[in-house]
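Examining the three-dimensional arrangement
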Amino acid sequence: MSKKSKTKSTDLGRALIKNRFGHQFRRKVHNDTMLHTTEIQDGYDWGRLNLASVTEESSFHDFLRTAELAGTEFQAEKLNITFINPKSGVGLLSKVQQQEMESKHKEHRDMLTIPRRPKWTTETTAEELQRAENESFLEWRRSLAKLQEEQEIILTPYEKNLEFWRQLWRVVERSDVIVQIVDARNPLLFRNVDLERYVKEVNADKMNMILVNKSDMLTEQQRKHWAEYFEAEGIKTAFFSATMATEDLKKVQEEMNEEEGEEDEDGEEEVESENGSEAETETKEKASEAKTNTLSEDVKQEIEKFKASTEEVHKSLDQLEDQFKSIMQKAADEVELHKMLKKNNPKVLTREELITLFKTLYRGKTFTPGVTTIGLVGYPNVGKSSTINALMIEKKVSVSATPGKTKHFQTLFLDTDLLLCDCPGLVMPSFVLTKADMILNGILPIDQMRDYVPPVNLLCSRIPRHVLEDKYGIIIAKPIEGEDEHRSPHAEELLLAYGYNRGFMTSNGQPDQSRSARYVCKDYVNGKLLYCLAPPNVPQEEYHVFPAKTGRIITEQQLPSQQQRAMRINTKTSSNDIDKQFFAANNNQAYVKGRSNFPHIRVANDGSLVSAPPTEKPWRSVKKERREKLRKKFSHLDQH
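Worth saying up front: this structure is predicted, and the values here are computed from it rather than measured.

**Topic: the pairing of strand β1 (residues 177-183)**
For β1, the tally of buried residues reaches 7 of 7 residues, placing the bulk of the element in the interior. A two-sided burial pattern is seen for β1, the buried positions comprising V177, V179, I181 and D183 on one face and I178, Q180 and V182 on the other. Note: β1 against strand β2 (residues 207-213), 7 bridges, orientation parallel. The partner of I181 across the bridge, within β2, is L211. Two elements, β1 and strand β5 (residues 372-378), share 5 bridges in a ladder whose sense is parallel. Across the sheet, residue V179 finds its bridge partner in β5, namely L376.

What follows is the structure in structure tokens.
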């Protein structure tokens, strides 16, 4: 009897595969000359805006974009691989290099611009305008690339997508006041002076303003320094904190909810008391009716007129009192606003104060009749969306810690005469010393950084050792012998201690430095590790003072041996320890050309040498040592 065929059992699977994949058209042509029009995505997908923020590119895409902008041909070059020492200041500039870069920044500050929208009229077609915008944008990028090549200046990885700049142009054109939102910890990095020039080029009546967000991280004296600095620069500045505003709103809502619950309880008690007093009121009304029936009709009319007049007097008095209170409140608000408009106030404004400032800030002709439009512009992750949500009370704009969350400009009516215009977060070109500075300022996403050593080295150079140890409850390895005792810790020293303390270990049993670096950098960006840069006219040491050490001092020798090995602490004795041991001991032996063992010579009590009869050779009575296995001899090297 023959074997049963297995075709019946596999027919269903093959039929499903053919039904799903069998009808696809297999294209073997490598160019687009033989493709049908329906196979080319030139419909809905082609018409959509390309609103993906492009600040970080791979080496291949960066090479292609550079070749396109420079208009020249390039030859391939092999990668030059260099090995670096992790226990060194990788990514940090020396003081001389830093001074040279700062002098170059001051010299070429005027060359750092943003792209302008080309002039157009009603007769310009959409294709001509788009072509002009592309040409001007490419010319702008060529000028920045030329500046980098000739002057060897490092620029921030600015926004390379034209669609984001088109959103900025629209916001500037339709806004009456352009507000640049900056981070209070480093306002000058997030301020773009050329944007203020471009606003005046579009319309001289438009107004520029700086809103210093996250001002709760600064002290009052620090805010005074910045208010005086921007006052000397001639630009209006206000201080605000979106997190504080949202917390205050939450507290007010909780209090209102508690009051409503108390009112409900009081209402139930009043209902019970009213039911008990209904009988008393009915008896009183009956008695008053009996008295009024005995009076004449003229007297009744006079009494009613008198009651009506007294009620009118009470109403008019209440209205006058309300009007007086509103006038006094307006007068007080106008006095405060006059002070705020006349001079930069270091006070952190509340939500209501910021709204009144926006309403009274602009007095000229508005773009929209009867409505003041406030355009909010700034870098990613400085708090634009959070500020709008705090002003609108409820969530109107999505918030994310990743730069580039907002992709379209949005208009929101805060009041009948006040309109907010939110622009997508733009990484504008600016001078920077290192790329690590951009990561620590939240401009570039931390989760996408490839090299974590330079940012952590820069963090360690800014935050003292004792602050890191008190914040995380760790012990960082001290400098070895011969190094400066007061130097800042290296990235490896901090990350090894942090990773071991948090339990971030790799498969090899070593602390995970990459994961630890992301946590530490996020703490710096969120303000848990606070470092604020001073204005140019104030010394940094006087501006930001760190607290003293609060935790108890623990030496490295008190740590467990396993932790010492994981943190790669040098447990070998130093030369100073060897010298102490040598001079502390009483050596009563003779030394002749490196030999210290003389069995037939001994030292007498008076210090003289006394000869003794030679003994037999000491190794005669000792058995030869067995040869140890190498894995036992070097087992200490395998410990992690």
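Next comes the rest of the write-up.
**Focus on the state of the cysteines**
Scanning all chains against the criterion turns up 0 disulfides. The closest cysteine sulfur to the non-disulfide-bonded C460 is located on C521, 9.3 Å from its own sulfur. Residue class for C460 comes out buried when judged on its relative accessible area of 1%. C521 sits in the buried class, given a relative accessible area of 0%.

**Some words on empty space enclosed by the protein**
Inspection of every chain in the model, using the stated rule, returns 2 cavities of 30 Å³ or more. Reported here for the largest cavity is a volume of approximately 80 Å³. Forming the boundary of the largest cavity are D183, R185, N186, F190, L440, N441, R462, Y524, Y531 and L533. Counted by class, the lining of the largest cavity contains 5 nonpolar, 2 polar and 3 charged residues.

**Observations concerning a negative patch on the surface**
On the surface, a cluster of negative charge is contributed by E254, E255, E258, E259 and E260. Within the element layout of this structure, E259 appears in helix α10 (residues 242-294). Look at E259 and you get partly exposed, because its relative accessible area is 47%.

**Some details on the side chain of N208**
Here N208 lies in strand β2. Given the relative accessible area of 12%, N208 is considered buried. With sequence-adjacent residues up to four places away left out, N208 is seen in contact with I178, E196, V199, K200, I235 and K236.

**Side note on the environment of I463**
Secondary-structure assignment places I463 in the loop between α15 (453-462) and α16 (465-472). Under the relative-accessibility criterion, I463 is labelled buried at 1%. For I463 and Y524, which are 61 residues apart along the polypeptide, the C-alpha to C-alpha distance reads 9.6 Å. Dropping the residues within four chain positions of it, I463 is found in contact with L468, Y524, L529, L530, Y531 and F546.

**Some remarks on unusual backbone geometry**
The residue K214 is not glycine, and still its phi comes out positive at about 60 degrees. Within the fold, K214 resides in the loop between β2 and α9 (220-233).

**Remarks on helix α13 (residues 384-391)**
Taking burial as the measure, the 8 residues of α13 include 7 buried ones, the bulk of the element. All of the buried residues in α13 are K384, S385, T387, I388, N389, A390 and L391. Phi for I393, located one or two positions after α13, is positive at around 70 degrees.

**Looking at helix α6 (residues 162-174)**
With 13 residues, α6 ought to run about 18 Å at 1.5 Å a step, and its terminal C-alpha atoms sit 19 Å apart, in line with that. Most of α6 is tucked away: 10 of the 13 residues are buried. Within α6, burial applies to L162, E163, F164, W165, R166, Q167, L168, W169, V171 and V172. Packing partners of the buried residues in α6 comprise α5 (126-151), β1, α8 (193-202), β5 and β7 (418-422).

**Observations regarding the packing of aromatic side chains**
As enumerated under the stated definition, the model contains 10 aromatic pairs in all. When the centroid spacing of 5.8 Å and the interplanar angle of 90 degrees are considered together, the rings of W226 and Y229 count as edge-to-face. Within this pair, W226 and its partner Y229 are both found in helix α9, separated by 3 residues, close to a single helical turn. With relative accessibility at 2%, the residue W226 sits in the buried group. A connected cluster of aromatic rings, assembled from ring pairs, spans Y472, Y498, F504 and Y519. Lying across the ring of F504, R515 places its NZ or CZ 4.0 Å from the centre.

The rules we used
- Each chain has its residues counted from 1, running along the sequence as written.
- With the structure being a predicted model, the display of local features is reserved for residues of pLDDT at least 70 and the display and counting of side-chain atom pairs for 80 or more, all residues being used for whole-chain, interface and lining totals.
- In computing side-chain values, all of the structure's heavy atoms are included and hydrogens and water are not.
- For each residue, the accessible area found with a 1.4 Å probe, counting protein chains only, is set against the maximum for its type, and the residue is called buried under 20%, exposed over 50%, and partly exposed in between.
- Helix and strand labels come from DSSP, where a helix needs a run of H or I of at least four residues and a strand needs a run of E of at least two; each type is numbered from the N terminus.
- Pairs of strands are assigned from DSSP output, requiring at least two bridges between the strands.
- In this description, the term disulfide denotes a pair of cysteine sulfurs within 2.5 Å.
- Using only the protein atoms, space was sampled on a 1 Å grid; points where a 1.4 Å probe fits but cannot get out form cavities, open sets with protein on both sides within 12 Å along at least five of seven lines form pockets, and lining residues are those with an atom within 4 Å of a point.
- Grid points are joined across faces, edges and corners, and a volume is the space filled by probe spheres set on the points.
- All amino acids are sorted into three groups, where Ala, Val, Leu, Ile, Met, Phe, Trp, Tyr, Cys and Pro are nonpolar, Asp, Glu, Lys and Arg are charged, and the leftover types, Gly among them, are polar.
- Residues enter a patch when their relative accessible area is above 30% and they make no salt bridge; the linking distance is 9 Å between like charges and 5 Å between nonpolar side chains (Val, Leu, Ile, Met, Phe, Trp, Tyr).
- Each accessible area value is a Shrake-Rupley result obtained with a 1.4 Å probe; residue values ignore everything except the protein chains displayed when judging cover.
- Throughout this description, the term salt bridge denotes a Lys or Arg side-chain nitrogen within 4 Å of a carboxyl oxygen of Asp or Glu.
- Residues scored as charged are limited to Lys and Arg (positive) and Asp and Glu (negative), so that His and the chain ends carry no count.
- Where a charge sits is defined by one atom per residue type, namely NZ (Lys), CZ (Arg), CG (Asp) or CD (Glu).
- Residue contacts are defined here by distance: any two heavy atoms, one from each residue, within 4.5 Å place the two residues in contact.
- Expected helix span is given by 1.5 Å per residue-to-residue step, counting one fewer step than there are residues.
- Working definition: a ring pair exists when centres of Phe, Tyr or Trp rings (six-membered ring for Trp) sit within 6.5 Å. Plane angles under 30 degrees give stacked, over 60 give edge-to-face, the rest tilted.
- We call a charge positioned above a ring when the Lys NZ or Arg CZ atom is no farther than 6 Å from the ring centre and deviates by at most 35 degrees from the ring normal.

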